[in-house]
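# Chains, contacts and geometry: an overview
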Amino acid sequence: MPASTAPRLLETEAGGAVARARDLPVDDLLELIEKSGLRGRGGAGYPFVDKIRAVRRNTDGGPIYLIANAYDSDPGSPLSRTLLTRNAGNVLAGIAIAARAIGATRAYLYLHPQAVDARAAAQDAIGEDLGVEIEIALGPGGFMGGEESALLAVLESRRAMARQRPPYPAEQGLRMRPTLIASAETLAWLPLIVLEQSRASTKLVSVTGAVVRPGVYEISLGLQLGEILAEAGGATGKLKGLHVGGPTGGILAGSRTDTRFDFDDLRVAGTHMGSAQVRAIPAGTCIVNEAAALFAYLAKESCAICIPCRVGTKRVQAILESTYSGLGRDTDLAWLDELGTHMERFSLCGFGITAPSILRTTMREFPDDYRIHIQEKRCPEGICKPVRSRRYETMVQP
C-alpha cells in the first residue's frame, strides 16, 4: 500500500542520535523521553519511560533483553513493514538508544515471516556502531504471533501462546530475565527525541476500506477520523461505519467522523488504538454480518490457551451467525453482553480482553440491524444469506 510523505517517522533520518545518546547520562536520557510524552505505539499507549524504569528497577547484574516488536499482527495495518522499508535506520538507532537506557547488550528485531522487504532493509541498516548485538527473529505467522507474551514463547522455541501476567516482562521476560518489549514505531521516535527534543506527536495509521487511496499515513495524534479519511482521498461513497483498531476494534457509526484519533478519546468511544487501522465500511453493509465475520476470524486466530477467549469467540460467532440466519432470539443481546463481560474480565491477554468492543459498539451504534434481524427475521440491508439451519444450545442462557 502507498505511504504518505509526512516528515517525522517516515522521512526524517536522525543521524548521530546513537552517539549523542551515549554522551548523555542515563537519567538525562530518561528525562528527555519523559518530556516527549512518548506513549507505546503498540496500541495500549502506556508511557514509554515508565516501561524503561520498570526494567531498570529489576536489574541485578544479569542479562537484560530488548525486543523490538515489528510483527504487524493485523494484515491490514502494515505499519512496521512500512516504517522499516522507508526508514530502517531510525528503528535500529531507536533499538540502540533503548538498549543504552536499560543496559541491554542484546536485542531482537521481531518480524512477520512474510515481511521480506522490511527484513532486507533492517539487515542493511544494522551496523557495528550501534553498540548492541541485534538479531532478526521471525515469528510463526498468524495474529497471535505478535502478542507480547506469545512472542516471548516463540523466542524460547515454544508455541505462540499468551501467558498469565503478572509477572510482566519488565520483571520476568525472555528467559525469565528483565525484558523491554516495544513496537518498532515507538523505538523509531527515540532518535528524534534525542537529537531534536521532539514531542511524540504523530502516529502511523493504516486507512483501508471504502476510501480513494488506501495506505499507511503519518497523522497528528488527535486528528478527527473524518480528517484521516480525507488524508486518504476521502470516502468513495456514503459510509455505514468506521472500524477503528483492527480486528478487535469497535465499529462506530459512519457519522462519528468527529471522533478524535487518540488513545484516550478512542477508549471513551468504546474502541481502542489497537493496530491503528481505520477501515471505512460502505453503506449497504449489514453490521451483524460484519461482527460475525470478525469473530469468525478471531476464533480462528485465538491461541486457545484460555477458555474465556477460546470458547467465547466461537460462542459469539455462533450466536451472531444464528442471528443473521433467521434464528435470533430476544435473549441473544443479553447473552452476548454477558459473554463479552466474561471475556473482558478473564481472558489472559489483550486479544480476548478487547474483542468485546466489537459487540459493545455495534449493539450501541447499530441497534436496528440487530432488532430487524431478531424480531423481523430479515436482513436490514437485504444481503445476508443463512449459514446455519439450527442453533447450538448450552445448558444455561439468559
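Residues numbered from 1 in each chain as written. Predicted model: local features only at pLDDT ≥ 70, side-chain atom pairs only at ≥ 80, totals over all residues. Heavy atoms only, no water.

## Examining the overall build of the chain
On a plain count of helices and strands, the chain comes out with 15 helices and nine strands. On C-alpha atoms alone, the chain measures out to a radius of gyration of 22 Å, which is about the 21 Å that the 2.2 N^0.38 rule sets for 398 residues. Counting only C-alpha atoms, the chain reaches 70 × 45 × 35 Å along its principal axes. Within the chain, the fraction of its 398 residues that count as buried is 57%. A sequence separation of at least 24 residues applies to 73% of the contacts in the chain between residues at least 6 apart. Summed over its atoms, the accessible surface of the chain is roughly 16300 Å², and 50% of this surface lies on carbon and sulfur atoms. Counting 45 positive and 44 negative side-chain charges, the chain places the averaged centre of each group 5 Å from the other. (Helix = DSSP H or I, 4+ residues; strand = E, 2+ residues; numbered from the N terminus. Rg over C-alpha atoms; globule rule 2.2 N^0.38 Å. Buried < 20%, exposed > 50% of the residue type's maximum accessible area, 1.4 Å probe, protein only. Contact = heavy atoms within 4.5 Å. Areas by Shrake-Rupley, 256 points an atom, 1.4 Å probe, with all protein chains shown as cover. Lys, Arg positive; Asp, Glu negative; His and termini not counted. Charge placed at Lys NZ, Arg CZ, Asp CG, Glu CD.)

## Brief notes about the confidence of the model for the chain
In the predicted model, the chain carries a mean pLDDT of 94, and 97% of its residues have values of at least 70. Long-range and interchain partners of residues 1–6, a stretch whose pLDDT sits below 50, account for 24 contacts in this model, where long-range means more than four residues apart. (pLDDT = per-residue confidence, 0-100.)

## Thoughts on the sheet that holds strand 6 (residues 215–220)
Ordered in space as 6-5-9-7-8, the five strands form an open sheet in which the pairing is mixed. Each edge of the open sheet carries a strand with a single partner, namely strand 6 and strand 8 (251–253). The sheet shows a mean angle of 30° between the axes of neighbouring strands, taken without regard to direction. As paired strands, strand 5 (residues 202–209) and strand 6 are joined by six bridges and run antiparallel to one another. Across the sheet, valine 207 pairs through a bridge with glycine 215, a residue of strand 6. (Pairing = 2+ DSSP bridges. Axes fitted to C-alpha atoms, helices over the stretch in contact; angles between N-to-C directions.)

## Some details on the nonpolar core
Residues Phe48, Leu66, Leu84, Ile95, Leu109, Leu190 and Phe261 are the most contacted members of the largest nonpolar core, which totals 84 residues. Those residues in contact with leucine 109 that sit more than four places away from it in its chain are Ala68, Ala70, Leu84, Ile95, Ala122, Ile134, Glu135, Ile136 and Ala137. (Core = buried A, V, L, I, M, F, W, Y, C linked by side-chain atoms within 4.5 Å.)

## Regarding empty space enclosed by the protein
By the definition in use, this model includes two cavities of 30 Å³ or more. Of the volumes computed, that of the largest cavity is approximately 50 Å³. Across the lining of the largest cavity, the residue classes break down as nine nonpolar, three polar and no charged. Put simply, the second largest cavity is a space of about 30 Å³. Taken together, Arg315, Ala318, Ile319, Ser322, Arg391 and Tyr392 make up the lining of the second largest cavity. Grouping the amino acids of the lining of the second largest cavity by side-chain chemistry returns three nonpolar, one polar and two charged. (1 Å grid on protein atoms, 1.4 Å probe; cavity = no way out; pocket = protein on both sides within 12 Å on 5 of 7 lines; lining within 4 Å. Points joined across faces, edges and corners; volume = space filled by probe spheres on them. Nonpolar A, V, L, I, M, F, W, Y, C, P; charged D, E, K, R; others polar.)

## With respect to the packing of helix 10 (residues 287–301) against helix 15 (residues 367–376)
When two helices pack together, their arrangement is given by the angle between the helix axes and the distance between those axes. Packing of helix 10 against helix 15 leaves a shortest axis separation of 8 Å and a crossing angle of 95°. Classified by the angle their axes make, helix 10 and helix 15 are roughly perpendicular. Contact residues: helix 10 offers Ile287, Val288 and Ala291, while helix 15 offers Asp369, Tyr370 and His373. Tallied by class, the residues present in the contact of helix 10 with helix 15 amount to four nonpolar, one polar and one charged. (Parallel < 35°, antiparallel > 145°, perpendicular 65-115°, else oblique.)

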